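Remarks on the overall topology
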Amino acid sequence: MGISFALALRQQLDADLLRISLLEAWPLSAPAGGQPRSGADLDARSTALAWGTREIFQRLGVWPGLAAAACAIESIHISEQGRMGVTRLRAVESGVPALGYVVENAELGRQLLSALHAAPGIDVLAPVEVLSTTQRGATRVVVAREQNSAAQHELEADLAVICDGGRSQLCAQAGIHSRERDYEQHAVVFNVRGEADHQGMAYERFTRTGPMALLPLSGRRRAVICTVASADAARLEQGEDSQVIALLRERFGNRLGGVAEVGQRASFPLILRTIEEQARPGLVVLGNAAHTLHPVAGQGFNLSMRDVEALAQVVHGQVRAGASPGELKALVAYQDQRGADQGGMIGFTHGLNRLFNRRLEALGPLRSSALVSLDLLSPARRLLAEHAMGLA
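Definitions and cut-offs
Residues numbered from 1 in each chain as written. Predicted model: local features only at pLDDT ≥ 70, side-chain atom pairs only at ≥ 80, totals over all residues. Heavy atoms only, no water. Pairing = 2+ DSSP bridges. Helix = DSSP H or I, 4+ residues; strand = E, 2+ residues; numbered from the N terminus. Salt bridge = Lys/Arg side-chain N within 4 Å of Asp/Glu carboxyl O. Phe/Tyr/Trp six-rings, centres within 6.5 Å; stacked < 30°, edge-to-face > 60°. Buried < 20%, exposed > 50% of the residue type's maximum accessible area, 1.4 Å probe, protein only. Axes fitted to C-alpha atoms, helices over the stretch in contact; angles between N-to-C directions. Contact = heavy atoms within 4.5 Å.

Describing the pairing of strand β17 (residues 266-275)
- Two strands pair when backbone bridges link them, and strand β12 (residues 178-194) and β17 are joined in this way by 10 bridges, in the antiparallel orientation. Along β17, the bridge assignment pairs Arg-179 with Thr-274.
- Relative to strand β20 (residues 291-292), β17 runs antiparallel, the two being bridged by 2 bridges. Counted as the bridge partner of Arg-273 is Thr-292 from β20.

Structure (structure tokens):
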């Protein structure tokens with residue numbers, strides 16, 4: 001989020017109007033040139049980009065480099081295991097070439113770094129460890145230490161933006177508390193290579209252990225996000241490939257065709273996390289540090305990108321008006337502006353996971369009827385597609 005926000009600021013404000021410093025814990029050297037990744041890596045991790053996020057990256061100048069490596073989601077098939085109801089969302093019905101795209105994280109990072117090093121007037125300090133952010137009068141003081149060194153940097157800023165991920169250490173240091181709900185689930189993520197072309201179709205399948213998504217990747221690959229009870233995560237992560245193939249066949253039947261290969265698996269716990277304050281004088285929290293969602297529907301990254309663009313617009317307005325970008329009134333206005341989208345998406349993903357919880361078996365016929373109704377009612381289907389595209 002940090003690179004994206006720096007690019008969004010620089011795109012709207014010239015270097016003589018705003019100085020930007022980007023502090024990162026990892027090296028941010030310029031990537032080597034060359035063509036996008038071939039798509040042959042079965043162990044590559046990826047991110048689903050909604051159509052709205054693609055438009056943001058287009059405005060930031062990042063999309064042209066990403067386009068060649070991105071796999072289009074042309075349709076989404078939504079169903080519940082063991083029941084008849086199905087809803088299908090199609091890009092053509094929404095008048096767009098794709099509902100979204102799936103991009104390998106390595107390529108996304110490479111293109112963001114290329115844009116960062118091409119952008120004028122962004123001071124990069126990396127790798128450094130940010131030790132603290134404190135208020136001093138009307139400014140924020142950020143203290144950082146170079147890795148493997150005692151040398152420290154002290155920066156004064158009108159606005160400091162925290163985006164150090166979930167369980168943010170900087171938020172904890174600042175006394176910004178979070179609210180957490182443990183889903184008692186893990187997401188096990190991996191790629192598979194199929195014997196048949198996926199034709200740009202993504203699947204969202206609700207199963208007895210939680211939602212399971214398959215996203216199209218280049219080269220007949222699919223990214224799999226499988227939700228299981230936390231106690232079962234290690235068994236799936238470390239099991240034989242044949243067990244994984246059997247699980248896919250049991251969950252999806254013949255829809256996927258044959259699975260030729262299974263990549264390495266990784267798992268992480270699923271927790272709904274939100275912070276009590278996103279804005280203070282001279283301070284804003286972005287990304288997973290502000291809100292961590294259940295991965296059902298794949299909207300966490302896309303929600304954060306909309307936050308990035310909205311905050312950049314607020315800063316732009318403040319600077320153009322000759323006011324401080326860290327003025328509390330403006331930051332509270334940003335927080336209020338984003339409240340409906342954030343609250344709506346958090347409620348949508350949390351509610352969707354609860355609605356299809358198998359412990360609510362009595363709701364099974366209602367869920368099935370709802371999916372059938374969505375598939376038949378084009379206005380409702382278009383509204384759901386707009387949510388999936390990040391445009392609602």
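A closer look at the pattern of salt bridges
- Summed over the entire model, instances satisfying the criterion amount to 19 salt bridges.
- Across the salt bridge formed by Arg-59 and Glu-309, the nearest N and O atoms sit 2.8 Å from each other. Pair noted here: Arg-59 is in helix α2 (residues 51-60) and Glu-309 is in helix α8 (residues 300-320), with a separation of 250 residues, a long-range link.
- Between Arg-265 and Asp-241 there is a salt bridge, with the nearest N and O atoms lying 2.6 Å from each other.

Remarks on the packing of aromatic side chains
- Summed over all chains, the structure comprises 4 aromatic pairs.
- Their ring planes at 35 degrees and their centres at 6.5 Å tell us that Phe-57 and Phe-301 sit as a pair that is tilted. One end of the pair, Phe-57, is in helix α2; the other, Phe-301, is in helix α8, and 244 residues separate them in sequence.
- Phe-301 gets classed as partly exposed once you look at its relative accessible area, which sits at 25%.
- Taken together, the ring pairs in this structure connect Trp-51, Trp-63 and Tyr-101 into an aromatic cluster.

Focus: the sheet that holds strand β2 (residues 46-50)
- An order of β2-β6-β3 is seen for the 3 strands of this open sheet, with the pairing classed as antiparallel. Across the chains shown, the open sheet's two edge strands, defined by having one partner strand only, are β2 and β3 (71-73). Strand-to-strand twist of the sheet, defined as the mean angle between neighbouring strand axes without regard to direction, takes the value 30 degrees.
- This element, helix α4 (residues 105-118), spans β2 and β6 (100-104) of the sheet and lies at about 90 degrees to β6.

Topic: unusual backbone geometry
- Each neighbour pair has its own omega, and for Ala-126 with Pro-127 the value is -5 degrees, a cis peptide bond.
- Relative to the elements of secondary structure, Pro-127 occurs in the loop between β7 (122-125) and β8 (128-136).
- For Arg-167, which is not glycine, the phi dihedral falls at a positive 50 degrees.
- Summarising the element assignment, Arg-167 is placed in the loop between β11 (160-162) and α5 (169-173).
- Positive phi values are uncommon outside glycine, yet Arg-220 reaches one of about 60 degrees.
- Positionally, Arg-220 belongs in the loop between β14 (210-216) and β15 (221-229).
- Among the residues examined, Arg-220 registers a relative accessible area of 37% and is labelled partly exposed.

What to know about the side chain of Thr-274
- Relative to the helices and strands, Thr-274 is located in strand β17.
- Excluding residues within four positions of it along the chain, Thr-274 makes contact with His-177, Ser-178, Arg-179, Ala-290, His-291 and Ile-346.

Notes on the sheet that holds strand β18 (residues 279-280)
- On the basis of which strands lie adjacent, the open sheet formed by 3 strands has the order β11-β19-β18 and mixed pairing. Every interior strand has two partners, whereas the edge strands, β11 and β18, have only one.
- Sheet analysis places β11 next to strand β19 (residues 283-285), joined by 3 bridges and oriented parallel. Along β19, the bridge assignment pairs Ala-160 with Leu-283.

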